[in-house]
Amino acid sequence: MNGGFSSARWTAWRGCPVRDWKQQVRERLGALGIGPEREEEVVAELAGHFEDAYEGCLERSATPEMAFACAYSEVDNWSRLSGEIRGAVQEDPMNERTKSLWLPGLVMLFLSSVLLMYITRFGPFPKMVWLDARQPLLLYVPWLVSLPVFGALGAYWSRRAGGRVRARIAAGVFPVLMLAGAFFMILPIAILFDRNIPFSMFVTSFGLMLLGWVLIPGAALLLGALPFLRNHANESSPSRE
Amino acid sequence: MTIVPASMKRGSAELAILSVLLEEPLHGYEISKRIEEHTGGVLRFNLASLYPMLYRLEKRGWVKASWQTTPSGRRRRCYSLTAAGRKQLPPLRDEWRLFFRALDRLAGVSRA
């Protein structure tokens, strides 16, 4: 993999009048297709590495020719290196968090919202639970029953995308996280602007909404996500390659 | 000296690079030398394995690079750890710890 004075490679390089390292690297890497500026930067950086490696070999009492071969032995396959650099620089524009949290979370939010809209329009009436004499807690039972499936899908998707446990939980319960965020934003605004409703009623109403739209659905989503919080047998390697 | 296979090196590259950058900002060649020194030569990253990984880490925002002039007057692209990269270290360490513990339970590595 590294080091060692490969005689074949050394023979191939002997006779090269060093040391325009940039030119040497540019010729061997070929066009990277990553934009001229970035390409120039990569070439300059790799040339600097070769220069340092060359001098490192000289310091270990190698002759200039051996040091040259030693430095270049760091690359076995230039076209593969070219491809790997291109792949790394042009890596998927979606970062890890997008793939493992935002994408699965938003898709599950969309799907669960569509289902909820369908149920509210065409489904049975919500179940009313009178925890408070003035206002009932509304439960859309078919929607609640479906939520573990969305929780499972979100967590599974996140796990497939390499998400850690926290990302999987968040992707699983994502639909209610958005609702919770909305409630916590709406409450202070409502208290501020609607002064005709008593504060105690606000609190009760908020508590019931939180229970019906965040806590109970959140528990249902989490239930579905639970089996996917553990690593799959195939994912036990710490390698993230 | 036993050399760790290339596949494991690839898996450990992120942790190795982030760990040495935790000490101080370094350019590519220094990173490879530092890793080699710290591991007694067991882990070595040559140019071909190091730079694609550095570019990937940079793309993820775990490290950032800037051109700096070394004491010898040369321009080198130095890498330093970002806050995001710093946050990645503990979970990466935990994953590897877990991995080695599992391997130890399985094969008694520490008793071998």
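Cut-offs used in this document
Residues numbered from 1 in each chain as written. Chains lettered and ligands numbered in written order. Predicted model: local features only at pLDDT ≥ 70, side-chain atom pairs only at ≥ 80, totals over all residues. Helix = DSSP H or I, 4+ residues; strand = E, 2+ residues; numbered from the N terminus. Buried ≥ 20, exposed ≤ 12 C-beta atoms within 10 Å, placed from the backbone. Contact = placed C-beta atoms within 7 Å. Core = buried A, V, L, I, M, F, W, Y, C linked by C-beta atoms within 7 Å. pLDDT = per-residue confidence, 0-100. Axes fitted to C-alpha atoms, helices over the stretch in contact; angles between N-to-C directions. Parallel < 35°, antiparallel > 145°, perpendicular 65-115°, else oblique. Nonpolar A, V, L, I, M, F, W, Y, C, P; charged D, E, K, R; others polar. Pairing = 2+ DSSP bridges.

## Thoughts on the overall build of chain A
Broken down by element type, chain A carries 10 helices and two strands. What you see in chain A, going N to C, is helices and strands ordered as α-α-α-α-α-α-β-β-α-α-α-α. Per-residue burial over chain A gives 27% buried out of 241 residues. Within chain A, residue pairs in contact and separated by at least 24 positions form 71% of the contacts whose partners lie at least 6 positions apart.

## Quick notes on the nonpolar core
Counting 40 residues, the largest nonpolar core has A:A71, B:I17 and B:L54 as its most contacted members. Sorting the residues of this core by element identifies α3 (36-59), α4 (64-72) and α5 (78-89) of chain A together with α1 (6-23), α2 (28-38), α3 (47-60) and β3 (75-81) of chain B as the ones contributing at least two each. The residues touching B:L54, leaving out its near neighbours within four places in the chain, are B:I17, B:G28, B:V63 and B:Y79. Listed in part, the 23 residues of the second largest apolar core include A:L101, A:W143, A:F150 and A:A171.

## Some details on the confidence of the model for chain A
Averaged over all residues, the pLDDT of chain A is 82; the fraction at 70 or higher stands at 85%. pLDDT under 50 marks residues 1-17 of chain A. Its contacts with residues more than four places away, or in other chains, come to 24 contacts.

## Comments concerning the packing of helix α9 (residues 174-193) of chain A against helix α10 (residues 199-225) of chain A
Residues and elements named next belong to chain A. Running from N to C, α9 and α10 point in directions that differ by 175°, and their axes come no closer than 9 Å. Here α9 is positioned roughly antiparallel relative to α10, judged by the angle of their axes. Residues P175, V176, L179, A180, F183, L187, A190 and I191 of α9 lie in contact with α10, whose contacting residues are F199, F202, F206, M209, L210, W213, V214, P217, G218 and L221. A per-class count over the contact of α9 with α10 returns 17 nonpolar, one polar and no charged.

## Structural notes on the sheet that holds strand β1 (residues 26-27) of chain B
Residue and element names in this part refer to chain B. The three strands are arranged β1-β3-β2 in an open sheet whose pairing can be described as antiparallel. Edge strands, defined here as strands with exactly one partner in the open sheet, are β1 and β2 (63-69). One ladder, built from two bridges, connects β1 with β3; its direction is antiparallel. Residue pairing across strands places H27 opposite C78, the latter belonging to β3.

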